[in-house]
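So you can see what is in the structure, the chains are spelled out below.
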Amino acid sequence: MSFNSKYHIDVDFEVPKKLQWYYAPVFFAFWLCLYLSLVNTQINSMPRPLMRSDEATHPRSFIAQRAEDTLIELTRLGPRVVGSATNEVATVEFLRAEVAKVEAEMGDLYELELDVQLASGAYMHWEMVNMYQGIQNVIVKLSERNSSNENFLLMNSHYDSVPGSPGAGDDGSMVVTMLEVMRVLAKTGEPLAHPIVFLFNGAEENPLQGSHAFITQHKWAKNCKALINLDSAGSGGREILFQSGPNHPWLMNYYRNVPHPFANTLGEEMFQAGYIPSDTDFRIFRDYGGVPGLDMAYIFNGYVYHTKYDRINAFPRASFQHTGDNVLSLARALANAPEMDDTEAHAEGHNIFYDFLGWFMIFYTETTSIIINVVVGLLALLAIGISLYFMSVRSGCSWKGVLLRYGITLGMQLASLALAVGLALLVAVFMDGVNRSMSWFTSTWTIFGLYLAPIIFGMSILPALYLERTKRDPLGLGFRIQLFMHAHCFWLIVIMVTMTAVSIRSAYLIMLCVLFDIVALIVNLVTKWHRKAYLFAIAVTVCQILPFVYFTYLCTAALLTLMPMQGRSGSSSNPDMVVAALVWLFSLMFAGFIVPLIMFFRKTRTIVLCFLGITILFIIISVTNAGFPYKEKTSAQRYSLIHAHRRLHNADGSTRLDESGLYIYPQDRRIEIARDEINLLGEVQQVSETCDEEMFCGLPLYNHRWNKARKYSLWVPVSELPEIPNEYPTLILQDSSELESATRRRFNFSLSGPDHMGIFVNLKNDAKLLDWSFNDTLVREQAEPPYMVYFSYGLDNSTLEFTIDVEVGFNPQLSGMQIIVLFLQKTTSTFDTPTLEIGIGGHWVNQDITAIPRLSKYIDRFPTYAYIQGWVGTYETWYF
């Protein structure tokens, strides 16, 4: 065997012949079968649900059937919206009755104390003041009789629901899980070193008012040292632990012993970075109480989340068992944890945590992670260097020649990764440009052809062409393919070091990629298989099985979580970009070292081009009716709609606008898909058209999310007034009084109306907000007007009294003499022109839509695949 005579070729080096092309489908089938047989089964793996008949043989176990039966009874009450009789009376009585059942079965070792909290308060939620009056929490403390321990474990879920939803998954499922955990603990008579406080929170959807009321006002709040927060962004499946701590790694010592772990640092960082459009009570307990804990939630089947389809029949019984086993295990462990006596002594920084297919947990501190990442990165660079040296020795190619080829390969690999993400994003832009985004929303299988296929094509076409053009290179095919793997490893090291440097803990993912590549490389170097291309490929394939399984497992979980969320993430951004970027990121990890193995097959270019053909085929499928994104009940398109009456008054009290209309808030990107049906409602206007002229667009924005989405929201004037069930909100100026000078004045108002109202405040004529009786954050931060106050009440429907203190400056148009006169005559009023504009939005969110004929008529005009969350409302403004 010889090449050009100037090269010396070691006889040990094997120059491989490429495999026949028809082995390529077998190669791809191997990875597909691995995914279907292991990943696809484990992502949905559930324990066998225990029935009531199993209780005799499992006296210490969570009984899924009992939890399910309790949820059936709870959801029969109907939607549980703050302010409704269902939420404030019926559900509270239901919980009292369930706790009484627990107490009846309780052993002599324990005692139960029940308290129903009635609370009022306010805090800043993003850009709005979030104010509540007379909301309720049902709180139960389970402790050993005569216990003197003052360090409690807090467990929280919420029993209220959004308008129109039965709230089976969110969050009735967690409420009944807590009830069953309480029953099992109370009945079995096991020791509890620390009392457990079960907080059934009655105002989470408002948002997060119940948790704020408890942690800032309740008598037991200061004793709560650790938290288990239970929420839902889906319906069933496996609950995920997506937030831990913060800065309390000891909590993971207990979570890792749960029967069915499902947790990941990546989820925590994505949630805290705002990529997931939700918030939980965990943040309130953390920010206002400093309580560390574990935040757990259902994330699968988010299609029914916050809709009327969030029913018990959409929630699998096995999910109760999965969550119940885990929560019961955590409650037993944390209630007896010695760390609970002094949690601050164990505050040691952030964790890195992740499960492997739900089989076991791995976790370590952030400091340990940095050390591991650095060591793995250095070992990888050393191993690559050794491999390059042996390539030079075995091939007869000079050391500089090998380094030159490696440098070319580094550039080629970087270009390949850029091409891969570029093609995926190009598909995303194209699909959005032709109004076919979200074609994967129902048909999730289209992700493969739309985004994975172009990524594989982009990652492989440049290496395939390069290897084809350099087939006579003195460096053999096997070594040149290894160079591409080493190049991919190098760029992963760069990414890992960068992420570690900026404290992104999810760098552990890249570390795992590099680690398994090193293992394969070391095996090949030690066994000398790196000289024999096919043995080298076998070692790489074997060593890539675990990372392939793990990263496709994570990718699947991420897609199952994020895809339904794109149906409620608003219209401002292209959701296909999110999916494309996510698939590309995970492809770097699960396919980066597998793609180069394609180069061992004959007709490589043809094989690679097949992925481009698959992409084109799936684009064609997706732009036809086969790619229609929505399906009634199981994956509906979401809209919020208010049939509203608005009246805007002038400074002299006259009315400048009096009209009724439909406020339509589309919640996803495909805002044009139902345009024909919406156009039939009337003359469609963009809400943003009036936002420059009117405070908050002159419309009854429900909360800060509606304010953010106003650019893409619609207003359709209609002739029919909404069927308001009682009087419009009443705002009365009780009096106004001068403060320290004629330039400062206090306005005293009273407000009455429905249980959900928006208070909008703007300043006119150079006036300045000095103070008000709402939360003072906006005043202290000197925020620019206008301001939004979200106000809701529960049992207490008494009139809201509030004050606003305003200061006005001198009018620059006044003459010098007029300014001197006003300055000398401090009794002269400077409030001759209005300084305040106040708007009040009223929302009747507790009504049954079917009982409102006019609203129902408009909703019925939408397509059958659409879910409309609707109510009636009013909006009125005045100058003062």
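Bear in mind the structure is a predicted one, so any value in this text is a computation, not a measurement.

Further remarks concern the overall build of the protein chain. Each helix and strand counted, the protein chain has 22 helices and 21 strands in total. Computed over C-alpha atoms, the radius of gyration of the protein chain comes to 32 Å, within 12% of the 29 Å expected from 2.2 N^0.38 for 880 residues, which places it in the range of a compact globule. Dimensions of the protein chain, computed from C-alpha atoms along their principal axes, come out at roughly 105 × 75 × 55 Å. In the protein chain, buried positions account for 60% of the 880 residues. Considering only intrachain contacts with a sequence separation of at least 6, the fraction spanning at least 24 residues in the protein chain is 81%. For the protein chain, the accessible area works out to roughly 34000 Å², and carbon and sulfur atoms hold 57% of it.

In this section: the state of the cysteines. Applying the stated criterion to the full structure yields 1 disulfide. Disulfide pairing is shown between C691 and C697; the S-S distance is 1.9 Å. The sign of the S-S torsion, about 90°, decides the handedness of the disulfide formed by C691 and C697: right-handed. For the pair C691 and C697, one class covers both residues: buried. Considering cysteine sulfurs only, C513 is the nearest to C489, which forms no disulfide, with 9.3 Å between them. The thiol of C543 is unpaired, and the distance to the nearest cysteine sulfur, on C489, comes to 13 Å. Of the residues examined, C543 reaches a relative accessible area of 15% and is grouped as buried.

A complete count under the given rule lists 37 salt bridges for this structure. A salt bridge links D287 to R283; its shortest N-O distance comes to 3.7 Å. With a gap of 4 residues between them, D287 and R283 both fall in helix α8 (residues 281–289), about one helical turn apart. Residue class for D287 comes out partly exposed when judged on its relative accessible area of 44%. Note that R286 is salt-bridged to D287, the shortest N-O span being 2.7 Å.

Time to look at the packing of helix α3 (residues 85–105) against helix α4 (residues 168–188). Close contact between α3 and α4 brings their axes to 8 Å; oriented N to C, the two are set at 20°. Taken together, α3 and α4 sit at an angle that is classed as roughly parallel. Both α3 and α4 take part in a crossing whose hand is right-handed. Residue-level inspection shows L95, E98, V99, V102 and E105 of α3 in contact with α4, the latter providing V175, L179, M182, R183, A186 and K187. Broken down by class, the residue content of the contact of α3 with α4 amounts to 7 nonpolar, no polar and 4 charged.

A word on the sheet that holds strand β17 (residues 767–772). Ordered in space as β14-β15-β19-β17, the 4 strands form an open sheet in which the pairing is antiparallel. The sheet is open, and its two edges are formed by β14 (730–738) and β17, each paired on a single side. The sheet shows a mean angle of 30° between the axes of neighbouring strands, direction not considered. Looking at chain direction, strand β15 (residues 744–752) and strand β19 (residues 800–808) are connected through 8 bridges and run antiparallel. Bridge pairing links R745 to V806 in β19.

What follows is about the pairing of strand β8 (residues 351–356). With respect to burial, β8 is a largely interior element, 6 of its 6 residues being buried. Burial along β8 is two-sided: the face carrying N351, F353 and D355 and the face carrying I352, Y354 and F356 are both buried. What sits between the antiparallel neighbours β8 and strand β9 (residues 360–365) is a turn of 3 residues, in which L357 has the positive phi angle 55°.

What follows is about a positive patch on the surface. Taken together, the side chains of K17, K18, K471, R472 and R602 make up a positively charged region of the molecular surface. Positionally, K18 belongs in the segment before α1 (24–42).

Of all hydrophobic cores here, the largest spans 147 residues; its most connected members are Y451, Y550 and I664. It is helix α15 (residues 533–565) that contributes the most residues to this core, 18 residues altogether. Counting 61 residues, the second largest nonpolar core, distinct from the first, contains A64, L71, L192 and A337.

On to the pairing of strand β1 (residues 110–125). Here β1 pairs with strand β2 (residues 128–144) via 15 bridges, running antiparallel. Bridging across to β2, A119 finds its partner in I135. Linkage of β1 to β2, two consecutive antiparallel strands, is achieved through a turn of 2 residues, within which W126 is found at a positive phi near 55°.

Taken as a whole, the second largest pocket spans an internal volume of roughly 1300 Å³. Forming the boundary of the second largest pocket are 43 residues, of which L32, Y35, F448, L452 and F590 lie nearest the centre. Going through the elements one at a time, α1, α12 (446–469), α15, α16 (575–590) and α17 (604–623) are the ones with two or more residues in the lining of the second largest pocket. In terms of residues, the lining of the second largest pocket owes the most to one element, α1, which gives 9 residues. Split by residue class, the lining of the second largest pocket holds 34 nonpolar, 8 polar and 1 charged.

Mapping N574 onto the fold places it in the loop between α15 and α16. Of the polar contacts made by the side chain of N574, one reaches the backbone oxygen of A428; its length is 3.1 Å. Engagement of the side chain of N574 in a polar contact is seen with the backbone nitrogen of D576, the distance being 3.0 Å. When neighbours within four sequence positions are excluded, N574 is seen to be in contact with A428, V429, D432, S437 and R669.

All right, on to the packing of aromatic side chains then. To describe a pair of aromatic rings, you give the distance between the ring centres and the angle between the ring planes. For the coordinates displayed, the defined rule picks out 53 aromatic pairs. Three or more aromatic residues joined by ring pairs make a cluster, and in this case those are F27, F28, F30, W31, F548, F590, F601 and F611. Taking the ring centre of W715 as reference, the NZ or CZ of R646 above it sits at 4.9 Å. Its end group placed over the ring of F831, R745 keeps NZ or CZ at 5.1 Å from the ring centre.

What counts, and at which threshold
Residues numbered from 1 in each chain as written. Predicted model: local features only at pLDDT ≥ 70, side-chain atom pairs only at ≥ 80, totals over all residues. Heavy atoms only, no water. Helix = DSSP H or I, 4+ residues; strand = E, 2+ residues; numbered from the N terminus. Rg over C-alpha atoms; globule rule 2.2 N^0.38 Å. Buried < 20%, exposed > 50% of the residue type's maximum accessible area, 1.4 Å probe, protein only. Contact = heavy atoms within 4.5 Å. Areas by Shrake-Rupley, 256 points an atom, 1.4 Å probe, with all protein chains shown as cover. Disulfide = S-S within 2.5 Å. Salt bridge = Lys/Arg side-chain N within 4 Å of Asp/Glu carboxyl O. Axes fitted to C-alpha atoms, helices over the stretch in contact; angles between N-to-C directions. Parallel < 35°, antiparallel > 145°, perpendicular 65-115°, else oblique. Left-handed = near helix turned anticlockwise from the far one by under 90°. Nonpolar A, V, L, I, M, F, W, Y, C, P; charged D, E, K, R; others polar. Pairing = 2+ DSSP bridges. Patch = residues over 30% accessible without salt bridge, like charges linked within 9 Å, V, L, I, M, F, W, Y side chains within 5 Å. Lys, Arg positive; Asp, Glu negative; His and termini not counted. Charge placed at Lys NZ, Arg CZ, Asp CG, Glu CD. Core = buried A, V, L, I, M, F, W, Y, C linked by side-chain atoms within 4.5 Å. 1 Å grid on protein atoms, 1.4 Å probe; cavity = no way out; pocket = protein on both sides within 12 Å on 5 of 7 lines; lining within 4 Å. Points joined across faces, edges and corners; volume = space filled by probe spheres on them. Polar contact = N/O pair within 3.5 Å; in protein donor to acceptor, adjacent residues only side chain to side chain. Phe/Tyr/Trp six-rings, centres within 6.5 Å; stacked < 30°, edge-to-face > 60°. Lys NZ or Arg CZ within 6 Å of the ring centre and 35° of its normal.

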